[in-house]
Amino acid sequence: MQFKNNTKQGFKTIQGLRSFKDTLPKNIKKIIKKKGHIFSETLNNWKYIVGNEIFQICYPKLFKNSNRFGVSTLHVMVKRGHEIDLEYSKKEIMDKMNSFFGYAVVEKLKFISFDDTQTNFKKIDENENHVTNSKYTDRINDIKNDKIKKSLLELTKLFKQR
């Protein structure tokens, strides 16, 4: 591998094979240096750290490293209704994470709840009477986005009621 100075551009180029860290963009390098190791290891081993029961109801979202203003905090997304279960096992999770890494990585856990409802779109019934002409129904059925398709069909139902 040879290093070549480009005086016109003002930066160095590397000829030949490069290591993986040299191919990453600068902003991604900063993220990895700052908090990437702890967060990526936590994501990869989350099931092992917390166990199968807790793994089903939560996942890590963000890791904030300690600085002079605050302590290191792990933000965890929790399904709505299971916050109390995690609140009781908060100390256990912190102990397991700290023992996994070998030093005090996490000093605080913060839980953020979310709804786990998945919206299922029903198929369009061809037997329903719509106000739209057949050429417009064909165009609506050709739309790939289910949300837009559903909203257009609801709009035609409103026109039918009037």
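Parameters and conventions
Residues numbered from 1 in each chain as written. Predicted model: local features only at pLDDT ≥ 70, side-chain atom pairs only at ≥ 80, totals over all residues. Heavy atoms only, no water. Helix = DSSP H or I, 4+ residues; strand = E, 2+ residues; numbered from the N terminus. Patch = residues over 30% accessible without salt bridge, like charges linked within 9 Å, V, L, I, M, F, W, Y side chains within 5 Å. Areas by Shrake-Rupley, 256 points an atom, 1.4 Å probe, with all protein chains shown as cover. Salt bridge = Lys/Arg side-chain N within 4 Å of Asp/Glu carboxyl O. Buried < 20%, exposed > 50% of the residue type's maximum accessible area, 1.4 Å probe, protein only. Polar contact = N/O pair within 3.5 Å; in protein donor to acceptor, adjacent residues only side chain to side chain. Contact = heavy atoms within 4.5 Å.

(A) Structural view of the environment of Ile112. Tracing the backbone through its elements, the reader meets Ile112 in strand E5 (residues 108-114). Sequence separation between Ile112 and Arg80 is 32 residues, and the spatial gap between their C-alpha atoms is 9.0 Å.

(B) Representation of a nonpolar patch on the surface in the model. The grouping of Leu155, Leu158 and Phe159 at the surface amounts to a nonpolar patch, some 310 Å² of accessible area in total. Secondary-structure assignment places Leu158 in helix H8 (residues 146-161). For Leu158, a relative accessible area of 49% gives the class partly exposed.

(C) Layout of the side chain of Thr73. By secondary structure assignment, the location of Thr73 is in strand E4 (residues 73-79). Using a relative accessible area of 10% as the deciding quantity, one classes Thr73 as buried. Reaching out from Thr73, the side chain makes a polar contact with the backbone oxygen of Val71 at a distance of 3.2 Å. Each residue touching Thr73, except ones within four places of it in the same chain, is listed here: Leu62, Phe63, Lys64, Lys108 and Lys110.

(D) Structural view of the environment of Tyr59. Assignment of secondary structure puts Tyr59 in strand E3 (residues 58-64). Looking at Tyr59, the relative accessible area reads 39%, which means it is partly exposed. For the pair Tyr59 and Val78, spaced 19 residues apart in the sequence, the C-alpha separation amounts to 6.9 Å. Discounting chain neighbours no more than four positions away, the residues touching Tyr59 are Trp46, Val76, Met77 and Phe114.

(E) Layout of the pattern of salt bridges. The tally for this structure, following the rule as stated, stands at 4 salt bridges. Residue Glu87 pairs with Lys90 through a salt bridge whose shortest N-O separation is 3.2 Å. As a salt-bridge pair, Lys91 and Asp95 come within 3.7 Å of each other at their nearest N and O atoms. In this pair, Lys91 and Asp95 both sit in helix H6 (residues 90-101), 4 residues apart, roughly one turn of the helix. Overall, Lys91 belongs to the exposed group, its relative accessible area being 56%. Given the relative accessible area of 41%, Asp95 is considered partly exposed.

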